[in-house]
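Per-entry structural report
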Amino acid sequence: CAESRAFMPHFHIPLQSGSDHVLKMMNRRYGTGLFAERIEHIRRVMPQAFIGVDVIAGARGETHEEWLRARDFIESLPVTRLHVFPYSERPGTAALKLPDPVPPQLRHERVAELIDISDRKLAAFLDRQIGSRASVLWESTRHDDGTIQGFTENYVRIQAPWDDSLPNAITPVTVSAENIVPNQG
């Protein structure tokens, strides 16, 4: 029955790079235009959706110009959070034949820039949730500070004082600055 189906507006989507050139070298069958269209569609249909995006920083072939283009594209996306990974060399892969390797230190600098973008996007998303009503699925762990935590439908971590009736239950809450868990990691 339709009434019993849970609606979970939470997406985790691999982008890998915000550069069409790098995506092509990765043999991806999509470009930034299609990716942006899909994200915009999700936002139109589900404005409160949590959208997490996987991104690799420092892939071979990611020149300084491609990095700037990728970073700017990623920053322009209306996503919630980035899951950022530094490119890592894997023996025996076709990627090792690609030109323009990015030095490890530069990869890590690019990762740090993307994490900063992600932190700002997540903070803005959480701010937009304040005052909204949500259902929270509570976990079963009692934290050392005497709280219980759970997740809203759109993946916002919420906390409340421990209550024996909450573990594994779903209850309505009003999201507030006081009940959002500050570190959503």
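Throughout what follows, the structure given in this document is the object of discussion.

About the criteria used
Residues numbered from 1 in each chain as written. Predicted model: local features only at pLDDT ≥ 70, side-chain atom pairs only at ≥ 80, totals over all residues. Heavy atoms only, no water. Salt bridge = Lys/Arg side-chain N within 4 Å of Asp/Glu carboxyl O. Helix = DSSP H or I, 4+ residues; strand = E, 2+ residues; numbered from the N terminus. Buried < 20%, exposed > 50% of the residue type's maximum accessible area, 1.4 Å probe, protein only. Phe/Tyr/Trp six-rings, centres within 6.5 Å; stacked < 30°, edge-to-face > 60°. Polar contact = N/O pair within 3.5 Å; in protein donor to acceptor, adjacent residues only side chain to side chain. Pairing = 2+ DSSP bridges. Axes fitted to C-alpha atoms, helices over the stretch in contact; angles between N-to-C directions. Contact = heavy atoms within 4.5 Å. Expected span 1.5 Å × (residues − 1). Arc of directions from axis to C-beta.

Here we take up the pattern of salt bridges. All told, the structure shown has seven salt bridges when counted by the stated rule. Where Arg 110 meets Glu 62, a salt bridge forms, and the shortest distance between an N and an O atom there is 2.7 Å. One end of the pair, Arg 110, is in helix α4 (residues 104-129); the other, Glu 62, is in the loop between β2 (50-57) and α3 (64-76), and 48 residues separate them in sequence. Assessed through its relative accessible area of 3%, Arg 110 is described here as buried. Overall, Glu 62 belongs to the buried group, its relative accessible area being 3%. Linking Glu 75 and Arg 120 is a salt bridge whose minimum nitrogen-to-oxygen distance equals 2.9 Å. Taken together, the residues span a long stretch of sequence, with Glu 75 in helix α3 and Arg 120 in helix α4 at a distance of 45 residues. By relative accessible area, which is 33% here, Glu 75 ends up partly exposed. According to the relative accessible area criterion, Arg 120 is partly exposed, its value standing at 43%.

Here we take up the packing of aromatic side chains. This model, assessed by the stated rule, comprises four aromatic pairs. Between Phe 151 and Tyr 155 the ring centres are 4.6 Å apart and the planes differ by 10°, which places this aromatic pair in the stacked class. The class for Tyr 155 is partly exposed, based on a relative accessible area of 33%. Connected via pairs of aromatic rings, a cluster forms that spans Phe 50, Phe 125, Phe 151 and Tyr 155.

Here we come to the side chain of Ser 17. One can find Ser 17 in the loop between β1 (10-16) and α1 (20-25). Side-chain polar atoms of Ser 17 contact the backbone nitrogen of Ser 19, separated by 3.1 Å.

This next bit is on the sheet that holds strand β3 (residues 81-86). Reading across the sheet, the three strands line up as β1-β2-β3 and stay open at both edges, with parallel pairing between neighbours. Lying at the two open borders of the sheet, with one neighbouring strand each, are β1 and β3. Neighbour-to-neighbour, the strand axes of the sheet open up by a mean angle of 20°, direction not taken into account. With six bridges joining them, β1 and β2 adopt parallel strand pairing. When the bridges of β2 are listed, His 10 appears paired with Phe 50. Its contacts with the sheet place α4 against β2 and β3, and it is angled at close to 170° to β3.

For helix α2 (residues 32-45), spanning 14 residues, the distance from its first C-alpha to its last is 20 Å, which sits close to the expected 20 Å at 1.5 Å a residue. The complete set of buried residues in α2 reads Thr 32, Phe 35, Ile 39, Ile 42 and Arg 43. For α2, the arc enclosing every buried residue in end-on projection is 100°, short of the 170-degree limit, so these residues lie on one face. In α2, the exposed residues that point more than 90 degrees away from the buried face are Arg 38 and Arg 44.

The next thing to look at is unusual backbone geometry. Residues other than glycine seldom take positive phi values, yet Gln 16 does so here, at roughly 80°. Phi is positive for Asn 168, close to 70°, though the residue is something other than glycine. Residue classification places Asn 168 among the exposed residues on the basis of a relative accessible area of 58%.

Quick look at the pairing of strand β5 (residues 147-152) now. Across the six residues of β5, six count as buried, placing the element largely inside the fold. Bridge count for strand β4 (residues 133-138) against β5 is three bridges, and the pairing is antiparallel. Paired with Leu 137 across the bridge in β5 is Phe 151. Relative to strand β6 (residues 157-161), β5 runs antiparallel, the two being bridged by five bridges. Across the sheet, the residue bridging to Thr 147 is Pro 161, located in β6. Hairpin geometry of β5 and β6 is characterised by an intervening segment of four residues between the two adjacent antiparallel strands and by a positive phi of about 70° at Tyr 155.

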